[in-house]
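Secondary and tertiary structure notes
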Protein chains: 2
Amino acid sequence: MAGKAQSTRELVLETALRQFREKGYAATTMRGIASEAGLSAGNAYYYFSGKDQLVQELYVRIQKEHRELAAPRLRQGAPLSENLATVLHTGLDVMTPYHGLGSSMLAPALADRDSISPFSPESAAPRDQAVELMAEAVAASRGTPGGVLGERLPQLLWLAYLGVTLHWVLDPSDGQHRSRMLVDGLAPLLARAIGLAKLPVGRGLAADAVALLDRMTARSNAIGDTNNADDPPEDPRGS
Amino acid sequence: MAGKAQSTRELVLETALRQFREKGYAATTMRGIASEAGLSAGNAYYYFSGKDQLVQELYVRIQKEHRELAAPRLRQGAPLSENLATVLHTGLDVMTPYHGLGSSMLAPALADRDSISPFSPESAAPRDQAVELMAEAVAASRGTPGGVLGERLPQLLWLAYLGVTLHWVLDPSDGQHRSRMLVDGLAPLLARAIGLAKLPVGRGLAADAVALLDRMTARSNAIGDTNNADDPPEDPRGS
């Protein structure tokens, strides 16, 4: 993209992020963004198809910054707890400037149907990159499990990262220090729980956890087609 | 409360729930509720101090129905997985009529500061009753752990129930059948993970999980007063 176009695109994005912060996600419009940026609505739409795409751009940017910050800090041969804490803390670092945006985006972002959900098809690129960063953290660490749990560990850790992010978005404490406390406690706990999965006593549990993850992330909405335990719950009291 | 007052109170509550469903939580006003119910605003305020208190009333009612439905179905001496599934499924049963309300209440209900959050001081009564129902499910089950984990197990299971509720609120599947699938998978997984905590290999992990829960649920906002690992994260990149 040429320099002028690139800087106009940046201007639209920066203006949008400011309006999301100030007015909330729902009350911000493409027309209002264009107007504040001194552009016609058509010009703004030339760069972004709508508010959803602006949020996607934010996800891509955050993910890129996260990787740039985290990857050089992963320590080869370190315990998983250490590298996991590094990835989770640096994730919060790069999101910190956007803390004010979070709560107004939360309900639409969480709703499964919405394109700005972290689970949506539209969010696939930044999601895949986030899972890939988790895979790098696992690969750098010593003593991580093999087998089916090893394969799916990056995805499981990404879900843990989403949980931390949910806590952080809603965290009213100064500088979100309670979310930092959560990361400091959760990283060693998760690493130890994952360590248990290497023992005979934990292996079956880990396999079942992965199987549940697979069932829950299957995109199909049809009842009973991937899991025969999933009977229609229309009248659960009658069962 | 006399019959007439009781039925007026019911009318205000029913009208409020309908407006929450139809307009969303944010757009509903006490004035609008009173008007639709054919009352003066002053009359409506006589029964409820505001929208928040109407939501609290809903929590209390759901919790009461949940207990009435679940308690007789708990089976003495059954495995924890079974009694846990009973409590989680009956919780979804009683919430089902209010599924449409959930997403509009989600952002304010999740925010820690808001009185309609499940963690707020105002929600203490229904929260305590929900934890008490979990304690009944644990007490009815065989082979549950003692010690510090046993003591805190009801609170941990209540957090799992909140997680299931979050999934359910956002669940777009027919009849929220994916949330039923989650319960069917999660109840045996949690029960087995809790079983591991009785073994030497899991005991330390369980104790650390409980300690983290205690740190995270401490109400203090001051940095470092309950946990010396909780350093101010103002400049985590500098560390």
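About the thresholds
- Residues numbered from 1 in each chain as written.
- Chains lettered and ligands numbered in written order.
- Predicted model: local features only at pLDDT ≥ 70, side-chain atom pairs only at ≥ 80, totals over all residues.
- Heavy atoms only, no water.
- Helix = DSSP H or I, 4+ residues; strand = E, 2+ residues; numbered from the N terminus.
- Buried < 20%, exposed > 50% of the residue type's maximum accessible area, 1.4 Å probe, protein only.
- Contact = heavy atoms within 4.5 Å.
- Areas by Shrake-Rupley, 256 points an atom, 1.4 Å probe, with all protein chains shown as cover.
- Expected span 1.5 Å × (residues − 1).
- Bend = angle between axes of the 7 residues up to and from the residue.
- Phe/Tyr/Trp six-rings, centres within 6.5 Å; stacked < 30°, edge-to-face > 60°.
- Lys NZ or Arg CZ within 6 Å of the ring centre and 35° of its normal.
- Domains from an automatic or database assignment.
- Buried area = accessible area lost by both parts, 1.4 Å probe.
- Salt bridge = Lys/Arg side-chain N within 4 Å of Asp/Glu carboxyl O.
- Polar contact = N/O pair within 3.5 Å; in protein donor to acceptor, adjacent residues only side chain to side chain.
- Axes fitted to C-alpha atoms, helices over the stretch in contact; angles between N-to-C directions.
- Parallel < 35°, antiparallel > 145°, perpendicular 65-115°, else oblique.
- Left-handed = near helix turned anticlockwise from the far one by under 90°.
- Nonpolar A, V, L, I, M, F, W, Y, C, P; charged D, E, K, R; others polar.
- Core = buried A, V, L, I, M, F, W, Y, C linked by side-chain atoms within 4.5 Å.

1. What to know about the overall build of chain A
A count of helices and strands for chain A gives ten helices and two strands. Across the 239 residues that make up chain A, the buried fraction comes to 50%. Looking at chain A alone, contacts between residues at least 24 apart form 67% of all its contacts between residues at least 6 apart. Accessible surface, chain A as shown: approximately 10,800 Å² in total, 55% of it carbon and sulfur.

2. Side note on helix H9 (residues 177-196) of chain B
Residue pairs three or four apart in sequence face the same way in an α-helix, which turns once every 3.6 residues. With 20 residues, H9(B) ought to run about 28 Å at 1.5 Å a step, and its terminal C-alpha atoms sit 29 Å apart, in line with that. Along H9(B), the helix axis deviates most sharply at B:Leu186, where the bend reaches about 25 degrees; the proline B:Pro188 sits within four residues downstream.

3. What to know about the packing of aromatic side chains
All names here are of chain A. In this structure the tally under the stated criterion is six aromatic pairs over all chains. Look at Phe-20 and Tyr-25: their rings are 5.2 Å apart centre to centre, the planes differ by 45 degrees, and that puts the pair in the tilted class. The pair formed by Phe-20 and Tyr-25 is uniform in burial state, with each residue classed as buried. A cation over an aromatic ring shows up here: Lys-51 above the ring of Tyr-25, its NZ or CZ 4.5 Å from the ring centre.

4. Looking at the domain arrangement of chain A
Residue and element names in this part refer to chain A. Here chain A is partitioned into domain 1 (1-48) and domain 2 (52-231). Placing a centre on the C-alpha atoms of domain 1 and another on those of domain 2 gives a separation of 30 Å. Counting residues at the interface gives 15 residues for domain 1, matched by 15 residues for domain 2. When domain 1 packs against domain 2, close to 1,300 Å² is buried across both sides, 66% of that on carbon and sulfur atoms. Looking at the side of domain 1 facing domain 2, the largest losses of area belong to Arg-21, Tyr-25 and Phe-48, adding up to 48% of the total buried there. Counting across the interface, domain 1 meets domain 2 through three salt bridges. Here Glu-10 ties to Arg-61 by a salt bridge, and the two come within 2.8 Å at their closest N and O atoms. Viewed at the interface, domain 2 and domain 1 are joined by four residue pairs in polar contact (both at pLDDT 80 or more). Of all the secondary structure elements, the ones that give two or more residues to the side of domain 1 that touches domain 2 are helix H1 (3-23) and helix H2 (30-36). Here the side of domain 1 that touches domain 2 takes nine residues from H1, the largest share from any one element.

5. Comments concerning the packing of helix H5 (residues 80-95) of chain A against helix H8 (residues 147-169) of chain A
All names here are of chain A. It is at 11 Å that the axes of H5 and H8 come closest, and there the two elements cross at 40 degrees. The angle between H5 and H8 falls in the class oblique. Crossing of H5 over H8 shows right-handed handedness. Together, Leu-84, Leu-88, Gly-91, Leu-92 and Met-95 of H5 and Leu-157, Tyr-161, Val-164, Thr-165 and Trp-168 of H8 make up the contact between the two elements. When its residues are assigned to classes, the contact of H5 with H8 shows eight nonpolar, two polar and no charged.

6. Brief notes about the nonpolar core
A:Phe20, A:Leu54, B:Phe20 and B:Leu54 are the most contacted members of the largest nonpolar core, which has 137 residues in total. For this core, the element with the most residues is helix H8 (residues 147-169) of chain B, which contributes ten residues. In this structure B:Phe20 touches B:Tyr25, B:Thr28, B:Lys51, B:Leu54, B:Val55, B:Leu101 and B:Ser104, once residues within four positions along its chain are discounted.

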